[in-house]
Amino acid sequence: MRAPKLSKAERRKAIVEAAAQLFSERGFRGVTTKDLARAVGVTEPVLYEHFQTKRDLYAAIIDGTSRENFEQARETLRQSALADEPRAFFTTLATLMVESFSRNPSYLRLVLFSALEKHELAQLCFERHAQAIYAIVIEYVKKRMASRRVDPVIAARLFIGAVHHYCIFDLHFGFRIVRASKKRAIASMVDIFLHGIQAQ
């Protein structure tokens, strides 16, 4: 039996999903429009009906990921920031990051490929996702941790960087540098960030 014909929206979604998989495996430069068309089971002219350039397609992948995985995360983080409880805030932040990378590892590969290839869309990744998260964290540090005289930008970079490193090396690459469970690893990172490692 012949497969049912897809609607325009369904075809576009199928193209985006196939492209995300290919880009995450080979990078932006390693995939041709012919490869994309073959993966989706369409001709290149049909592909161009939905996306005029590879850049348009790559941007659609990033935008789709932003809507599906990041909008709710940003709102959850904003709500957590309203409470004057640093441990809960940074635990929420780390948990959201770990869950996001665990749920969608191909997105991490897309970001890494775009950065390594020095592709213009690396900046788009930052603007769509990281920038909004950093803004919330920096503002939180300014308001809640001012008494510690820390630079809010460096503090935000320090904590987010630690969680990113954990996600990349332990969860994505599987090096298992941290032997603790995800929950325990997050708790330890938050504790060290808030209180340091110097004995009291």
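So, here's what we can say about the structure.

Rules and cut-offs
Residues numbered from 1 in each chain as written. Predicted model: local features only at pLDDT ≥ 70, side-chain atom pairs only at ≥ 80, totals over all residues. Heavy atoms only, no water. Helix = DSSP H or I, 4+ residues; strand = E, 2+ residues; numbered from the N terminus. Buried < 20%, exposed > 50% of the residue type's maximum accessible area, 1.4 Å probe, protein only. Contact = heavy atoms within 4.5 Å. Areas by Shrake-Rupley, 256 points an atom, 1.4 Å probe, with all protein chains shown as cover. Lys, Arg positive; Asp, Glu negative; His and termini not counted. Charge placed at Lys NZ, Arg CZ, Asp CG, Glu CD. Phe/Tyr/Trp six-rings, centres within 6.5 Å; stacked < 30°, edge-to-face > 60°. Patch = residues over 30% accessible without salt bridge, like charges linked within 9 Å, V, L, I, M, F, W, Y side chains within 5 Å. Salt bridge = Lys/Arg side-chain N within 4 Å of Asp/Glu carboxyl O.

Let's talk about the overall build of the protein chain
Right, on to step 1. Tallying secondary structure elements over the protein chain gives 9 helices and 0 strands in all.
Right, on to step 2. Put simply, the protein chain runs from its N terminus to its C terminus through helices and strands in the order α-α-α-α-α-α-α-α-α.
Right, on to step 3. If you line up the protein chain on its principal axes, its C-alpha atoms span 70 × 35 × 35 Å.
Right, on to step 4. Within the protein chain, the proportion of its 200 residues that are buried is 40%.
Right, on to step 5. Look at the contacts in the protein chain between residues 6 or more apart in sequence, and 67% of them connect residues 24 or more apart.
Right, on to step 6. Of the accessible surface of the protein chain, which amounts to about 12100 Å², a share of 55% is contributed by carbon and sulfur atoms.
Right, on to step 7. Once the 31 positive and 21 negative side-chain charges of the protein chain are each reduced to a mean point, those two points are 3 Å apart.

Some details on the packing of aromatic side chains
Right, on to step 1. Under the criterion given, the structure shown has 10 aromatic pairs.
Right, on to step 2. Plain terms: the ring middles of Phe90 and Phe159 are 5.1 Å apart, the flat faces sit at 70° to each other, and that makes the pair edge-to-face. Pair noted here: Phe90 is in helix H5 (residues 86-103) and Phe159 is in helix H8 (residues 152-172), with a separation of 69 residues, a long-range link.
Right, on to step 3. Using a relative accessible area of 0% as the deciding quantity, one classes Phe90 as buried.

Some remarks on a nonpolar patch on the surface
Right, on to step 1. There is a patch of nonpolar side chains on the surface, built from Phe173, Phe175 and Ile177 and spanning about 330 Å² of accessible area.
Right, on to step 2. Assignment of secondary structure puts Phe175 in the loop between H8 and helix H9 (182-195).

In short, geometric facts, not functional conclusions.
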